[in-house]
Amino acid sequence: MNVADLLAQLPLEARQRPYIRRLEILEQTALLIKARFIISSDIFVQVYRNDRFDSTNLALVHNQHRIYGRDQLGGSWHRHTPAAPELHDKSTAGRQAVGLDDFLNDVEALLA
């Protein structure tokens, strides 16, 4: 996953998922993107990618608190589970790389 890939994928995911009200691009450069999928007035998915530092952050946020997330720093992934979103889950499952579509599938399951 890189900034260019995300720029192409973000609008497609927003159109394909009826629970997403709108897509907001908060910041964008050639090497960085920060975007939000707005789900409701108090729930959104934040997508952040920085190609320069090889970091990706995907977070489901409710009332300004992350309730689920997946992060990649320098090629290593970890997860923030709904049961303990403040902790880094570095288990085998937590270290699995995920794409944006995989993360949004997890979000759908959590919100269902």
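Above this text you will find the structure in question.
Residues numbered from 1 in each chain as written. Predicted model: local features only at pLDDT ≥ 70, side-chain atom pairs only at ≥ 80, totals over all residues. Heavy atoms only, no water.

(A) Region of interest: the overall build of the chain. Counting secondary structure elements, the chain contains two helices and six strands. If you list the helices and strands of the chain from N to C, you get α-β-β-β-β-β-β-α. Taken over the C-alpha trace, the chain has a radius of gyration of 13 Å; the compact-globule value for 112 residues is 13 Å, and the two agree within 12%. In terms of overall dimensions, the chain has a C-alpha envelope of 35 × 35 × 20 Å along the principal axes. Of all 112 residues assigned to the chain, the portion counted as buried reaches 42%. (Helix = DSSP H or I, 4+ residues; strand = E, 2+ residues; numbered from the N terminus. Rg over C-alpha atoms; globule rule 2.2 N^0.38 Å. Buried < 20%, exposed > 50% of the residue type's maximum accessible area, 1.4 Å probe, protein only.)

(B) Structural context of the pattern of salt bridges. Following the criterion strictly, the structure yields six salt bridges and no others. When the shortest N-O distance is used, the salt bridge between Arg17 and Glu13 registers 2.6 Å. Here Arg17 matches Glu13 in class, with each residue buried. Judged by relative accessible area, which is 9%, Arg17 ranks as buried. It is possible to trace a salt-bridge network through shared partners that takes in Glu13, Arg17 and Glu108. (Salt bridge = Lys/Arg side-chain N within 4 Å of Asp/Glu carboxyl O.)

(C) Spatial organisation of the side chain of Gln46. For Gln46, the position within the fold is in strand β3 (residues 43-50). The class for Gln46 is buried, based on a relative accessible area of 19%. Engagement of the side chain of Gln46 in a polar contact is seen with the side chain of Arg36, the distance being 2.8 Å. In this structure, Gln46 is in contact with Leu26, Lys34, Ala35, Arg36, Asn57, Leu58 and Ala59, ignoring residues within four places of it in sequence. (Polar contact = N/O pair within 3.5 Å; in protein donor to acceptor, adjacent residues only side chain to side chain. Contact = heavy atoms within 4.5 Å.)

(D) The arrangement of helix α2 (residues 100-111) in detail. Helix length check: α2 (twelve residues) gives 16 Å between terminal C-alpha atoms against 16 Å at 1.5 Å per residue, within 8%. Along α2, the residues classified as buried are Leu100, Phe103, Leu104 and Val107. End-on, the buried residues of α2 take up no more than an arc of 95°, which puts them together on one face. Taken together, the buried residues of α2 touch α1 (3-16), β2 (32-40), β3, β4 (55-62) and β5 (65-73). (Expected span 1.5 Å × (residues − 1). Arc of directions from axis to C-beta.)

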